[in-house]
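Structure assessment
Letter by letter, the chains look like this.
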2 protein chains.
Amino acid sequence: MISIPTIKRFPSYLRLLRQYKEEGKHWVSATHLAKELGLTPIQVRKDMAGTGVEGKPKVGFEIESLISAIICNLGWDTPTNAILVGAGHLGGALARYDGFATYGLHIVALFDADPAKKGLTVGNKVVKAMEEMESYIKKHAISIAVVAVPADVAQEVVDHLVEVGIKAIWNFAPKDLRLPPEVVVERTDLATSFAVLSAKFRRTFEGDIDCVER
Amino acid sequence: MISIPTIKRFPSYLRLLRQYKEEGKHWVSATHLAKELGLTPIQVRKDMAGTGVEGKPKVGFEIESLISAIICNLGWDTPTNAILVGAGHLGGALARYDGFATYGLHIVALFDADPAKKGLTVGNKVVKAMEEMESYIKKHAISIAVVAVPADVAQEVVDHLVEVGIKAIWNFAPKDLRLPPEVVVERTDLATSFAVLSAKFRRTFEGDIDCVER
């Protein structure tokens, strides 16, 4: 079982290894990878052990084998079709973002609760009504949903998603969701990231501030 | 000094408190907030202590005071002007995303290294050349940069940003950056989030897979 921290580093390894492959390289050492990614060689060897690929003395790891093993472990070797729920500001941006394809993620349909948005084209996808979701998910055997709805409706939306058969949710809604344990969830909250950045910034450059009038 | 985990929860509190305020409420208890956000009342009381606002027996916390104190602690009470570097897929999506304004972040200019992109309009901002960045940052006293450039140029780009006076970086580039300790950095990596989601999904629903041919 590969640890989550190792999985989090896999995309960085993958990008670097693909770059080496393009440059015509065939072998890479743990020390070299460590240096490039700002990790310790011990950490890199542990991560590589997780891929199942064994290194060879003197030459290190075969780049081609590492690439295939990492892609396979991430589940990126088979394209993943997902639906996107929410065609608001963030949902619209995600629908237009075509970088997901790099890791095998294809947003195949876009849903929104607002009847005024139905039929609009966002990032070459036509917005569908929520009522069409269940039949779409079943017809196309969709397991993954990207959720970018407002916080106050997020719980209701994901409850419905689970009900109609969704098994994994990538949640961009700024809300902690309550979900059955068998549903896989990962959260990306831009407000939280910016909160940390701006609070750290205020602290570092403006010093302690008393935010309460007494 | 407020802890980072508390700061990460502040945006969720804020959204809920603003909703209560709209509903005409004036006071809220820690128990109530805890229940709504899936936290323990003890955790909520600790977080509220961080805001500097004191609760009152029986009635709890004054919603209005909590809202102001959280906004102040996050540094969201003064609008933050930032530049965005990178007008590719993700940069373009971020430039078009207008939800940042909710937390006082305004992307005031967009830069890209590709001469072919110079002058194009993305999300009602005109793409500027990298050469114009230094004077722009100085003229408009910009301290924060949102970085959405490809991984292989990210280090070079942020080195330049720091050189010309940027003090905080929100990094969307899938790359661990090496930066001077006084520069504040926060990373949002979509590939990493999706890696975790898809690896968990594969594990949960497809069982252990041997990714190496032997």
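In the block above lies the structure referred to throughout.
Quantities reported herein were computed from a predicted structural model and do not represent experimental measurements.

Topic: the overall build of chain A
A count of helices and strands for chain A gives 8 helices and 9 strands. Scaling as 2.2 N^0.38, a compact globule of 214 residues should have a C-alpha radius of gyration of about 17 Å, whereas chain A reaches 21 Å, well beyond that. Over its C-alpha atoms, taken along the principal directions, chain A stretches across nearly 65 × 60 × 35 Å. By the burial criterion, 50% of the 214 residues in chain A qualify as buried. At a minimum sequence separation of 6, the contacts of chain A that also span at least 24 residues come to 54%. Per element, the accessible surface of chain A, about 10,200 Å² overall, is 53% carbon and sulfur.

Some thoughts on the packing of aromatic side chains
If you walk through the whole model with that rule in mind, you get 20 aromatic pairs over all chains. An aromatic cluster of at least three residues, connected via ring pairs, comprises W76, Y97, F100, Y103, W170 and F172 of chain A together with F194 of chain B.

Description of the interface of chain A and chain B
If you look at the interface, chain A gives 77 residues, while chain B gives 77 residues. Taken over both partners, the interface formed by chain A and chain B buries close to 6,400 Å², and the fraction arising from carbon and sulfur atoms is 66%. It is F194, L197 and R203 of chain A that lose the most area in chain A upon contact with chain B, and together they represent 11% of the buried surface on that side. Across the chain A-chain B interface, the total number found is 6 salt bridges. Among the salt bridges present, the one from E186 of chain A reaches K200 of chain B, with a minimum N-O distance of 3.3 Å. Counting across the interface, chain A meets chain B through 18 residue pairs in polar contact (both at pLDDT 80 or more). Within the residue set of the side of chain A that touches chain B, elements represented by two or more residues are helix 1 (4-22), helix 2 (30-37), helix 4 (63-74), helix 5 (89-96), helix 7 (151-163), strand 8 (168-171), strand 9 (184-187) and helix 8 (190-206) of chain A. Of the residues contributing to the side of chain A that touches chain B, the split by class is 38 nonpolar, 18 polar and 21 charged.

Comments concerning helix 8 (residues 190-206) of chain B
Helical periodicity: at 3.6 residues per turn, an α-helix aligns residues three or four positions apart in one direction. All names here are of chain B. The end-to-end C-alpha distance of helix 8 is 23 Å, a good match for the 24 Å that 17 residues give at a rise of 1.5 Å each. Taking burial as the measure, the 17 residues of helix 8 include 12 buried ones, the bulk of the element. Among all positions in helix 8, only L190, A191, T192, S193, F194, A195, V196, L197, S198, A199, F201 and R202 are buried. Measuring from the backbone nitrogen of A191 back to the side-chain oxygen at the start of helix 8 gives 3.0 Å, which picks out D189 as the cap. Phi turns positive one or two residues past the end of helix 8, at G207, with a value near 75°.

Here's the deal with the pattern of salt bridges
Oppositely charged side chains are able to pair whenever their charged atoms sit close together. If you walk through the whole model with that rule in mind, you get 18 salt bridges over all chains. Between E64 of chain B and K21 of chain B there is a salt bridge, with the nearest N and O atoms lying 3.5 Å from each other. Here E64 of chain B is found in helix 4 (residues 63-74), whereas its partner K21 of chain B is found in helix 1 (residues 4-22), with 43 residues between them in sequence. Note on E64 of chain B: relative accessible area 40%, which makes it partly exposed. Here K118 of chain B makes a salt bridge to E132 of chain B, at a shortest N to O gap of 3.8 Å. In this pair, K118 of chain B sits in the loop between strand 4 (105-112) and strand 5 (121-122) while E132 of chain B sits in the loop between strand 6 (125-129) and helix 6 (133-139), placing the two residues 14 residues apart along the sequence. Linked by salt bridges that have partners in common, R15 of chain A together with R187 and D189 of chain B make up one network.

Describing the pairing of strand 9 (residues 184-187) of chain B
A regular strand places its side chains so that they alternate between the two faces of the sheet. Residue and element names in this part refer to chain B. Because side chains alternate across strand 9, one face comprises the buried residues V184 and E186, and the other comprises V185 and R187, none of which is buried. Bridging between strand 8 (residues 168-171) and strand 9 involves 4 bridges; their strand directions are parallel. Across the sheet, A168 pairs through a bridge with V184, a residue of strand 9.

Quick look at the relation of the copies chain A and chain B
A rotation about some axis, followed by a shift along it, carries one copy of the chain onto the other. For the pair chain A and chain B, the relating rotation is 180°, the translation along its axis is 0.0 Å, and the fit reaches an RMSD of 0.0 Å. Such a turn and shift between the copies fits a two-fold axis. If distances are taken from each C-alpha of chain A to the rotation axis, the shortest is found for A93 of chain A, at 2.3 Å. Counting the interface residues of chain A, we find that 100% of their copies in chain B are interface residues as well, pointing to one common contact surface.

A word on the state of the cysteines
The bond known as a disulfide is covalent and runs between the sulfur atoms of two cysteines. Summed over the entire model, instances satisfying the criterion amount to 2 disulfides over all chains. Covalent S-S linkage joins C72 of chain A and C211 of chain B, the inter-sulfur distance amounting to 2.0 Å. Here the S-S torsion is close to -70°, and the disulfide linking C72 of chain A with C211 of chain B is therefore left-handed. Here C72 of chain A, found in helix 4, pairs with C211 of chain B, found in the segment after helix 8, and the two come from separate chains. An identical accessibility class is assigned to C72 of chain A and C211 of chain B; each is buried.

So, the side chain of N171 of chain A
Residues and elements named next belong to chain A. Here N171 shows up in strand 8. On the accessibility criterion, N171 (1% relative accessible area) is buried. A distance of 2.8 Å separates a polar side-chain atom of N171 from the backbone nitrogen of A173. Excluding residues that lie within four positions of it along the chain, N171 makes contacts with V147, L177, V185, E186, R187 and T188.

Definitions and limits used
- Residues numbered from 1 in each chain as written.
- Chains lettered and ligands numbered in written order.
- Predicted model: local features only at pLDDT ≥ 70, side-chain atom pairs only at ≥ 80, totals over all residues.
- Heavy atoms only, no water.
- Helix = DSSP H or I, 4+ residues; strand = E, 2+ residues; numbered from the N terminus.
- Rg over C-alpha atoms; globule rule 2.2 N^0.38 Å.
- Buried < 20%, exposed > 50% of the residue type's maximum accessible area, 1.4 Å probe, protein only.
- Contact = heavy atoms within 4.5 Å.
- Areas by Shrake-Rupley, 256 points an atom, 1.4 Å probe, with all protein chains shown as cover.
- Phe/Tyr/Trp six-rings, centres within 6.5 Å; stacked < 30°, edge-to-face > 60°.
- Buried area = accessible area lost by both parts, 1.4 Å probe.
- Salt bridge = Lys/Arg side-chain N within 4 Å of Asp/Glu carboxyl O.
- Polar contact = N/O pair within 3.5 Å; in protein donor to acceptor, adjacent residues only side chain to side chain.
- Nonpolar A, V, L, I, M, F, W, Y, C, P; charged D, E, K, R; others polar.
- Expected span 1.5 Å × (residues − 1).
- Pairing = 2+ DSSP bridges.
- Least-squares fit on C-alpha atoms with pLDDT ≥ 70 in both.
- Disulfide = S-S within 2.5 Å.

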